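Fold and geometry: a report
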Amino acid sequence: MGNMDTVFMQAALDEARRAEEQGEVPVGAVVVSGSAIIGRGGNRTITLTDPTAHAEIVALRQAALAKGNYRLEDCTLYVTVEPCAMCAGAAVQARIARLVYGCDDPKAGAVYSLFRIADDVRLNHRMEVTRGALQEECAAMIRGFFQKKRATV
């Protein structure tokens, strides 16, 4: 993992913190083209009453608008938690070149944990994947959120 991966994963963590402040599950994502962030997102499913408003989808939509194209072939998607099937599929459809994520999601992860959507040879696009970027910080954020949730129930 390079220095720029750390910088951009920190930006994704910032988005996750903002999502948590809004009462959302703290997952954050950024889309990078060259050295510029062109899309940002944190989970917004509760805020927008939209089951598709995951951090990755929010960031991909913003990036596509910024590019004026749904194909993000030269872009990298940074996300704090391993994408689910919907989000991994959206990254494939967007032709994301590279995916970098923080911690695995053993219950819903569709890049490594449960499914291998990002590099499935049956699909029309595959992307390079880097796992474990700022893994401890990403895992601690999501773990802490759910521990607090359980403590208040």
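A brief structural summary. Quick caveat: nothing in here was measured; it's all calculated off a predicted structure. (Residues numbered from 1 in each chain as written. Predicted model: local features only at pLDDT ≥ 70, side-chain atom pairs only at ≥ 80, totals over all residues. Heavy atoms only, no water.)

1. Considering the pattern of salt bridges
Our working rule: Any carboxyl oxygen of Asp or Glu within 4 Å of a side-chain nitrogen of Lys or Arg constitutes a salt bridge here. The way it works is that DSSP assigns letters per residue, a run of H or I at least four long becomes a helix, a run of E at least two long becomes a strand, and they are numbered from the N terminus. Note on classification: 1.4 Å probe, protein chains only; a residue is buried when its accessible area is under 20% of the maximum for its type, exposed when over 50%, partly exposed between these limits.
The tally for this structure, following the rule as stated, stands at eleven salt bridges. Note that Arg40 and Glu15 form a salt bridge whose closest N and O atoms lie 3.4 Å from each other. Highlighted residues: Arg40 in strand E2 (residues 36–42) and Glu15 in helix H1 (residues 3–21), separated in sequence by 25 residues. With relative accessibility at 5%, the residue Glu15 sits in the buried group. Between Arg116 and Asp119 there is a salt bridge, with its nearest N and O atoms 3.1 Å apart. A relative accessible area of 32% places Asp119 in the partly exposed class. Here the salt bridges share partners, and the residues they tie into one network are Asp5, Arg98 and Glu128.

2. Some thoughts on the state of the cysteines
Let me state the cut-off plainly: Pairs of cysteine sulfur atoms within 2.5 Å are what we label disulfides.
Under the criterion given, the structure shown has zero disulfides. Between Cys75, a free cysteine, and Cys87, which holds the nearest cysteine sulfur, the sulfur-to-sulfur gap is 16 Å. Cys84 supplies the cysteine sulfur nearest to Cys87, a cysteine that is in no disulfide, at a spacing of 3.8 Å. For Cys87, a relative accessible area of 1% corresponds to the buried category.

3. Some points on the side chain of Thr76
Under the convention used in this document: Any pair of residues with heavy atoms lying within 4.5 Å of one another is described as a contacting pair.
Topologically, Thr76 is positioned in strand E3 (residues 75–81). Excluding its chain neighbours within four sequence positions, the residues that come into contact with Thr76 are Val30, Val31, Val32, Arg98 and Val100.

Keep in mind these values describe shape, not function.
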